Every structure is written in C-alpha cells, then in structure tokens.
Amino acid sequence: MDKLLSVVIPAFNEEESVENAAGTVAGVLRDAGIPYELVFVDDGSKDGTWEAILRAHERDTRVRGVSFSRNFGKDRAIFAGLSRARGDCVAVMDCDLQHPPEKLPEMYALWQQGFEMVEGVKRDRGEESGFHKLCANAFYAVISKLAKLDMKRSSDFKLMDRKAVDTLLSLSEEEVFFRGLTAFVGFRRAEVEFDVAERMAGVSKWSFKSLARYAVSSVTAFSAAPMQLATVSGVLFALIAVVTGVLFAIVGGEAGGWLVFLAVMGLLALACVLLCLGIIGYYLGRTFRQSLHRPRFIISRECGD
Ligand code: UDP
Ligand code: MG
C-alpha cells in the first residue's frame, strides 16, 4: 500500500491560481498513483483566495484548507500547513506553480528509497533581474558564511519524511525561516533539479523591502556574529586613536589638519556605535518577541476533515 503524500501550498492573494494549482497537482499525483491530500493555507488574503479553496474542496474532498486571521508571511503559512498535514511524507510548493508539480513523483520515489529530505534545487533562477540575482547571491554568500548553512541553490520546494516534519514542528522559535530550519534539522538528503517556471497568474508578493527584511531576519536567526561588529569597530577605532596620537607626537604638524581628521574619525566612530546599537537592538527585539510566547499564526477558518 502506497503511503499518503500531503502537499502544503501557502497562498496569499492567489484567487487566480488556487483552483488551477489544485487541479494540476492532484492530476499529476493521480496519474502517478500516489495517494495525496492538498493542504492550502490562505495567508490572510484580501481577495477571493479562501472562496477558491472552498470551491477546490467541493470538487475534490482531498483538498483541505486553513485560513489565517491576517497575513503572517509565507514561512508561518508553511508551518501551519505542516501542522495540519497527515501524510507519511509532506511536500511544500508555491501556489503559482513556479515549482513544477511534475517533479513530485520523482521526489516521492526518492523518499520511498529512504531519503528523508528531498530538496528541489533551482537549475536557473528563472525570470529575475540582474539586480535581484546580485542581491540573492550576496544574501546566500553571507548566510553560508555566518550560519554555516549551504543554501545557494535551495528553494522552499521540498518533500520531507514525517520524521523531519515532526522535528521541524517541535522547534519552538516564533520566527520561523523554513529554508534555514530544513537545513538545520539535517536528515538524509537528496536533490532534484528544477527550472523555475514563470508565474501562472497574479504577481510576486515580494517587494525589495520585504526581501531585505526576510534576509536580515534569516541571518539573525542563525548567527549572532553581526553583533561582533561592535567589538571589531571598537578595536579599529582604538587603533586609529593610538596611531594618530603617536603620529601627532612624532611628526607634529598643523593642529588644524589634525583637528579635522579627528572630527571625521569621531563622527565615523559615532556612526559605528549607533549602527552597532541598532544591530544589538534587533537581536534584543527578537529575544523580546520570543519571550512573549505569542502564537506563530492565528487560524480563523478551516475546511476539510
Ligand atoms: N505567499 C504567502 N504569504 C506571503 C507571501 C507569499 O503565503 O506573505 C505565498 C504565495 O502565495 C506563493 C508563495 O508564497 O504561493 C511564493 O510567493 P511569490 O510567488 O509571491 O514569491 P516569488 O515566487 O516571487 O519568490
Ligand atoms: Mg512565485
């Protein structure tokens, strides 16, 4: 008897994509003879996403859905889906079908062979601008170095064993970063390459600002190293102060020139102190939010049993 595959699909303002996604994914899995359920998570959409999920459920009772009370973000939506999924293995994919559903049978087969974390890796990054690609590369370089997680080609398109899913759900941090946490938990891994398809309908939900926020939140979730900027800049400015003092004593020269130099260095040091305070404040904020023990998400409606 083949084991159940749950497919978790976060959806934010995807009224145009939901029904097509449900039909396409279910069709692929039915053709491959894989028992499935689809778990849609409406991430506080402002459009008719929830109604589209209800229609998809009416057409196929193996479609289930939960709806958030407001927008909580994709990563939290994924975790809500994982918490509802009943499968022996669980896949996660985007609603706009940029993650090709045709790859699911291949991923499922690898899981059957004993792989516990089957990862979709991007062969190319699809329709992205040069600037976007540059930022993405810089982000992955920083996170690989600081957090020691290799995520260069990684995506949120994954198929995981129940063991990996339960481990992810047992983690207690409120701010979840799916891609990082799946790397963190480990398990036997396999990779399946895919080409990022063009978005089926609608527009990308990511603005430059939200991507930047995502990048900062991801790096700080895995590394406390940015706070050491305070130490590094402290040492640097102490050195500059000593060298300037010695040079002034030995070489001397016009006091005015030295004063300008010292004023510039002073301002630079002040900027550094403020930057470091900001960074430390950011970490303090994370700790503060975690200490409140608020839920990761709030569910307002569910459909399917
Ligand atoms: N998404 C979500 N909550 C959000 C933003 C996005 O659930 O706050 C979902 C979205 O509906 C889609 C997936 O996450 O299924 C990927 O989003 P999008 O296509 O906008 O990102 P991109 O493909 O441009 O990286
Ligand atoms: Mg997309």
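Residues numbered from 1 in each chain as written. Chains lettered and ligands numbered in written order. Predicted model: local features only at pLDDT ≥ 70, side-chain atom pairs only at ≥ 80, totals over all residues. Heavy atoms only, no water.

A. Local environment of the packing of aromatic side chains. This model, assessed by the stated rule, comprises five aromatic pairs. Arranged with centres 5.4 Å apart and planes meeting at 85°, the rings of Phe68 and Phe72 form a pair that is edge-to-face. On the accessibility criterion, Phe68 (3% relative accessible area) is buried. For Phe72, a relative accessible area of 12% translates into the label buried. An angle of 10° between the planes, with centres 5.2 Å apart, marks the rings of Phe68 and Phe297 as stacked. You can see Phe68 sitting in strand β3 (residues 63–68) and its partner Phe297 sitting in the loop between α10 (255–291) and β8 (299–303), a full 229 residues away along the chain. The burial state of Phe68 is the same as that of Phe297; both residues are buried. Through successive ring pairs, a cluster of aromatic residues spans Phe68, Phe72 and Phe297. (Phe/Tyr/Trp six-rings, centres within 6.5 Å; stacked < 30°, edge-to-face > 60°. Buried < 20%, exposed > 50% of the residue type's maximum accessible area, 1.4 Å probe, protein only. Helix = DSSP H or I, 4+ residues; strand = E, 2+ residues; numbered from the N terminus.)

B. Representation of the site of ligand 1. Surveying the vicinity of ligand 1 reveals 16 residues, the closest of which are Glu14, Asp43, Gln98, Ser204 and Lys205. Taking Asp43, its side chain carries an N or O atom lying 2.6 Å from a nitrogen atom of ligand 1. Contact with the protein chains hides 86% of the accessible area of ligand 1, taken as 530 Å² for the molecule alone. When grouped by side-chain class, the residues that make up the shell around ligand 1 number five nonpolar, four polar and seven charged. (Near = heavy atom within 4 Å. Polar contact = N/O pair within 3.5 Å; in protein donor to acceptor, adjacent residues only side chain to side chain. Areas by Shrake-Rupley, 256 points an atom, 1.4 Å probe, with all protein chains shown as cover. Nonpolar A, V, L, I, M, F, W, Y, C, P; charged D, E, K, R; others polar.)

C. Molecular detail of the coordination of the magnesium ion (ligand 2). On the protein side, the magnesium ion (ligand 2) has Asp96 (OD) and Gln98 (OE1) as donor atoms, found 2.0 Å from it. Asp96 sits in the buried class, given a relative accessible area of 3%. (Donors = N, O, S within 2.8 Å, 3.2 Å for Na, K, Ca; no water.)

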